[in-house]
Amino acid sequence: MTLEELKAEILSKNPEDFVEEHIINAPSQYFTEEQLLFVMDHLSVATGVDIQPEEIVIVGSAKLGFGLFEKTKKDGVILPAFRPFDGDSDIDIAFACPALFDLIWNEIATYARAKPRMPHRMDKLGDYMVYGWIRPDHIPREARLRTFDLWNDRIRRLPVNPKMNRRKISGALYRDIGFLKKYQARGISACKIKLELE
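Novice: How should the packing of aromatic side chains be read in this particular structure?
Specialist: Centre distance and the angle of the planes are the two values used to describe a pair of aromatic rings. Summed over all chains, the structure comprises eight aromatic pairs. With 5.5 Å between their ring centres and 80° between their planes, Phe95 and Trp151 make a pair best called edge-to-face. Linking Phe95 in strand β6 (residues 91-96) with Trp151 in helix α7 (residues 146-157), this pair joins segments that are 56 residues apart in sequence. For Phe95, a relative accessible area of 1% puts it in the buried group. Judged by its relative accessible area of 1%, Trp151 falls in the buried class. For the pair Phe148 and Trp151, a centre-to-centre distance of 6.0 Å together with 45° between the ring planes defines the contact as tilted. Taken together, the positions of Phe148 and Trp151, both in helix α7 and three residues apart, correspond to about one turn of that helix. Judged on exposure class, the residue Phe148 and its partner Trp151 are both buried. Three or more aromatic residues joined by ring pairs make a cluster, and in this case those are Tyr128, Trp133, Tyr174 and Tyr183.

The structure is reproduced here in structure tokens:
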């Protein structure tokens, strides 16, 4: 899909329909089904959770071919909106697995209950959990959460596997596919509003 075609699809479709057609049910031209199944099997073995094919989805520029929003890198460089997927782009994988989410959520709750103050603040973790999303970068570094650590460590080590083409891979964990769809639709809606103002 060209950039012009992508923008036209965003403008012409209801955000929920766009997400269903172009994110949830579309293949990625940058990450094969075989690679995705390898990740699913690899993470299932690591965590002991039987992740299903419908519970793992490529999102972001690796799915659509373009990064929809402006992004500031750690070094302060600003990447423009609608930049094409390229050699520096990472693969974003969304896990929408209730069993895995609940297991890790329970580990987080156990960790928090052991703290002297209630509620225990964990950076912005709770701000995202209310949307059914556990963001790995907001889990406290000192927290030793068995399942989360196994899941996160395996994702971080995936790029060294030759099957992954040495590309950086990021993982996000959602309570279920419904929460993932709502989050994606919110992003598409915001993108549509910006396009309408151009």
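Novice: Sorry, what's going on with the sheet that holds strand β8 (residues 169-174) here?
Specialist: Backbone hydrogen bonds hold the strands of a sheet together, and the pairing may be parallel or antiparallel. The strand order β1-β6-β8-β7 describes an open sheet built from four strands, whose pairing is mixed. Edge positions in the sheet fall to β1 (56-59) and β7 (133-134), since each of these pairs with one other strand and no more. The pairing of β1 with β6 spans four bridges and is antiparallel. Within the sheet, the bridge partner assigned to Val59 lies in β6 and is Asp92. Sheet strands touched by helix α8 (residues 177-197): β1, β6, β7 and β8. Its angle to β1, the strand with the most contacts, is close to 10°.

Conventions and cut-offs
- Residues numbered from 1 in each chain as written.
- Predicted model: local features only at pLDDT ≥ 70, side-chain atom pairs only at ≥ 80, totals over all residues.
- Heavy atoms only, no water.
- Phe/Tyr/Trp six-rings, centres within 6.5 Å; stacked < 30°, edge-to-face > 60°.
- Helix = DSSP H or I, 4+ residues; strand = E, 2+ residues; numbered from the N terminus.
- Buried < 20%, exposed > 50% of the residue type's maximum accessible area, 1.4 Å probe, protein only.
- Pairing = 2+ DSSP bridges.
- Contact = heavy atoms within 4.5 Å.
- Axes fitted to C-alpha atoms, helices over the stretch in contact; angles between N-to-C directions.

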